[in-house]
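What follows is the residue order along each chain.
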Amino acid sequence: MTDEIPRGLPAPPPLGTAALPPGTYGGQVVLVTGGGTGLGKAIAAEFARLGADLVIAGRRAEQLEAAQEELAAVPGAGRVTSAVCDIRDPERIAEVFDAAQAALGLPDVLINNAAANFPCPAEDLTPGAWRAVVDTTLTGTWFTTREFGRRHLAAATPGSLVNIGASYAWTGGPGFAHSAAAKAGVKNLVETLAVEWGPYGIQVNGLVPGLFPHADMTEDLRGGLERAAPDAKDSRQPALRVGAPRELGWAATFLASPFARFITGHTLVVDGANWQRRALVNPEVIPIRTQLGRGPFTP
């Protein structure tokens, strides 16, 4: 016998490979919130590759303009438009849907990717900081979901909705009490609305990303990753590698596709089993304040 040599999960197919048949989303309109950067843009690119007409929404016009140009150049892409939108504003969301419907048609697919987050000990969260995250991540997701659902119900048309979640919706998230609470609400919306809207042909699913490093990660999150594993992020994953953003895009395009019509009310975790890892002996507990380099709490 020889010693087992861990090799981890195989690398994904190369960028540009489609997970579904060409043209799967031909004639379909896909709206991606937070689609101008990071994982939202990566998800939008995979829909574009499959022929979708895209609407990407976000808060910064410069990022949206650059992303719109990049996505329009994806082989197979349909038409691409963008809209500046703060999803905390339901009136602006309605305007974005109006513009999308006039230019391309009623979005057939909504990807609720926009969110807010930053690490903070729970005791240091101000009311404003709490609201900044919860109002965007949960309430903003609800506003876009509601607009999408009401329009399809009124039109008597089917639709598919995917909420981007987080694994700490199940486990809790020390250092992220605001985001974890909001993402738990997002997960519950998936389960609730799948039952309410299923009879009308509207699918509602969730998608949870693991560690997918990308150029648009915030400094807070990038700094935490570098503190935890400056040279060993792969060895800290059961897969012995991190995710490639296109892998999340492939999962999103499948969940919203005709091939997944009987899947609804489900949240798919795409993280190489990282959220399920356990050690035989628990590691030392290091308080969140210490991990974030903060001194003792002072009111």
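Here the structure is a predicted model, which means the values were calculated and not measured.

1. Comments concerning the overall build of the protein chain
Point 1. The helix and strand inventory of the protein chain stands at 9 helices and 7 strands.
Point 2. Here the C-alpha radius of gyration of the protein chain, 20 Å, is about what a compact globule of 299 residues would show, namely 19 Å.
Point 3. Taken over the C-alpha atoms alone, the protein chain extends approximately 60 × 55 × 40 Å along its principal axes.
Point 4. Here the protein chain holds 299 residues, and the buried ones make up 45% of them.
Point 5. Partitioning the contacts of the protein chain with sequence separation of at least 6, the portion at a separation of at least 24 is 76%.
Point 6. Summing over all exposed atoms, the protein chain offers an accessible surface of approximately 15100 Å²; the carbon and sulfur share of this is 56%.

2. Comments concerning the pattern of salt bridges
Point 1. Within the structure shown, the criterion is met by 12 salt bridges.
Point 2. The shortest N-O distance in the salt bridge between E46 and R49 comes to 3.2 Å. Of the two residues, E46 and R49 both sit in helix α1 (residues 38–49), 3 residues apart, roughly one turn of that helix. Exposure class is identical for E46 and R49. Each is buried.
Point 3. Among the ionic pairs, R289 bridges to D124, the shortest N-O distance being 3.0 Å. One end of the pair, R289, is in helix α9 (residues 288–291); the other, D124, is in the loop between β4 (109–112) and α4 (127–155), with 165 residues separating them in the sequence.
Point 4. Under the relative-accessibility criterion, R289 is labelled buried at 16%.
Point 5. Of the residues examined, D124 reaches a relative accessible area of 22% and is grouped as partly exposed.
Point 6. Among the charged side chains, a network of salt bridges with common partners joins E123, D124, R289 and R294.

3. Examining the nonpolar core
Point 1. Ranked by internal contacts, the top residues of the largest apolar core, which has 31 residues, are Y25, V30, F47, L54, I111 and L207.
Point 2. For this core, the elements supplying multiple residues, two or more each, are β1 (29–33), α1, β2 (53–58), α2 (61–72), β4, β5 (159–164) and α8 (245–255).
Point 3. With 6 residues, α1 is the single largest residue contributor to this core.
Point 4. If we ignore the near neighbours within four places in the chain, the residues touching V30 are Y25, F47, A52, D53, L54, V55, V109 and I111.
Point 5. If you look at the next biggest cluster of nonpolar residues, it comprises 23 residues, including L31, F97, L189 and V190.

4. A short note on α8
Point 1. In terms of residue burial, α8 counts as a mostly covered element, since 9 of its 11 residues are buried.
Point 2. The complete set of buried residues in α8 reads R246, E247, L248, G249, W250, A251, A252, T253 and L255.
Point 3. The secondary structure elements touched by the buried residues of α8 are α1, β5, β6 (202–209) and β7 (267–270).

5. Remarks on the packing of aromatic side chains
Point 1. Scanning all chains against the criterion turns up 3 aromatic pairs.
Point 2. Considering the side-chain rings of Y25 and F47, the 4.9 Å spacing of their centres and the 70° angle between planes classify their relative orientation as edge-to-face. Of this pair, Y25 sits in the segment before β1 while F47 sits in helix α1, placing them 22 residues apart in sequence. In terms of burial, Y25 and F47 fall into one category: buried.
Point 3. Centroid distance W170 to W275: 4.8 Å. Interplanar angle 35°. Geometry classified as tilted. Of this pair, W170 sits in helix α5 (residues 168–171) while W275 sits in the loop between β7 and α9, and the two are 105 residues apart along the sequence.
Point 4. Judged by relative accessible area, W170 falls into the partly exposed class, the value being 36%.

6. Some words on helix α3 (residues 90–103)
Point 1. Its 14 residues give α3 an end-to-end C-alpha distance of 20 Å, which sits within 8% of 20 Å, the value for a rise of 1.5 Å per residue.
Point 2. Those residues of α3 that fall on the buried side of the exposure criterion are I93, A94, V96, F97 and A100. Viewed end-on, α3 has its buried residues packed into an arc of 160°, placing them on one side of the element. Exposed residues pointing more than 90 degrees away from the buried face of α3 are listed as E91 and A102.
Point 3. The inward-facing, buried residues of α3 contact β1, β2, β3 (80–84) and α4.
Point 4. Count one or two residues on from α3 and you reach G105, which has phi positive near 120°.

Conventions we followed
- Residues numbered from 1 in each chain as written.
- Predicted model: local features only at pLDDT ≥ 70, side-chain atom pairs only at ≥ 80, totals over all residues.
- Heavy atoms only, no water.
- Helix = DSSP H or I, 4+ residues; strand = E, 2+ residues; numbered from the N terminus.
- Rg over C-alpha atoms; globule rule 2.2 N^0.38 Å.
- Buried < 20%, exposed > 50% of the residue type's maximum accessible area, 1.4 Å probe, protein only.
- Contact = heavy atoms within 4.5 Å.
- Areas by Shrake-Rupley, 256 points an atom, 1.4 Å probe, with all protein chains shown as cover.
- Salt bridge = Lys/Arg side-chain N within 4 Å of Asp/Glu carboxyl O.
- Core = buried A, V, L, I, M, F, W, Y, C linked by side-chain atoms within 4.5 Å.
- Phe/Tyr/Trp six-rings, centres within 6.5 Å; stacked < 30°, edge-to-face > 60°.
- Expected span 1.5 Å × (residues − 1).
- Arc of directions from axis to C-beta.

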